[in-house]
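Observations on the model geometry
The chain contents come next:
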Amino acid sequence: EADIYQTPRYLVIGTGKKITLECSQTMGHDKMYWYQQDPGMELHLIHYSYGVNSTEKGDLSSESTVSRIRTEHFPLTLESARPSHTSQYLCASSGKEIYTYNEQFFGPGTRLTVL
Amino acid sequence: RKEVEQDPGPFNVPEGATVAFNCTYSNSASQSFFWYRQDCRKEPKLLMSVYSSGNEDGRFTAQLNRASQYISLLIRDSKLSDSATYLCVVKYGGSQGNLIFGKGTKLSVKP
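Below or above, wherever it landed, is the structure these notes cover. Values in this document were obtained by computation on a predicted structure and should not be read as measured data. (Residues numbered from 1 in each chain as written. Chains lettered and ligands numbered in written order. Predicted model: local features only at pLDDT ≥ 70, side-chain atom pairs only at ≥ 80, totals over all residues. Heavy atoms only, no water.)

Some remarks on unusual backbone geometry
Between Thr7 of chain A and Pro8 of chain A the backbone carries a cis peptide bond, its omega angle lying at -10°. Within the secondary structure layout, Pro8 of chain A lies in the loop between β1 (4-7) and β2 (10-13). In this structure, Asn53 of chain A takes a positive phi of about 70° despite not being glycine. Relative to the helices and strands, Asn53 of chain A resides in the loop between β5 (44-49) and β6 (56-57). Judged by its relative accessible area of 69%, Asn53 of chain A falls in the exposed class. Phi at Asp77 of chain B is positive, roughly 50°, even though this residue is not glycine. Turning to its location among the elements, Asp77 of chain B is positioned in the loop between β8 (70-75) and β9 (84-92). (Helix = DSSP H or I, 4+ residues; strand = E, 2+ residues; numbered from the N terminus. Buried < 20%, exposed > 50% of the residue type's maximum accessible area, 1.4 Å probe, protein only.)

Topic: the state of the cysteines
Evaluation of the coordinates by the stated rule reveals two disulfides over all chains. One disulfide in the model links Cys23 of chain A with Cys91 of chain A; its S-S distance is 1.9 Å. The sign of the S-S torsion, about -75°, decides the handedness of the disulfide formed by Cys23 of chain A and Cys91 of chain A: left-handed. One end of the pair, Cys23 of chain A, is in strand β3 (residues 19-25); the other, Cys91 of chain A, is in strand β9 (residues 87-94), and 68 residues separate them in sequence. Owing to a relative accessible area of 0%, Cys23 of chain A belongs among the buried residues under this scheme. Across the disulfide from Cys23 of chain B sits Cys88 of chain B; the S-S distance is 2.0 Å. (Disulfide = S-S within 2.5 Å.)

Okay, structure coming up:
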């Protein structure tokens, strides 16, 4: 089993609130990712990081921001939540080893509902 | 055109059946190919990588046709536990490239 954790698992919040979705991994992976997935739809990459102090925007435009101060931690923040942010957010990581660098390990996800 | 397109599904098959999923990708520079499995309301997990020569893992066989930009997954002797959504995934940009996910094909195996 992958050692990657996300909290909270479920979040219902009102419009305008600031929220932070937490993601931690204990595998020592350098690369980490945030995806957004709506029901029945494909995963879209919204942010990724090559390592500490590295953050990049993904293919899908997002109003969220991320930080990478520690290798194991990659939180995602929404400064002002809106109903359009309602979705599932999945965190993932991948390692450097030749046999594992292609595999991404996913956390269980956070289901966000903004009222 | 989406970068990764899959059979629309859902596929409803009886136990023991053989089922095949197809996937096409648009970027000819794609370098690595995978099938991930995603159970209902769960996270995706790597099922298998897809190699140019084709590869097999138990009841699962994956094939790649670079000329046609086409990937397939064959499941033999379907089990109830195979019920899930199967995601076709491609990667380009070298070892630091990112993954592009298809929408997935839902498989439901019935007793």
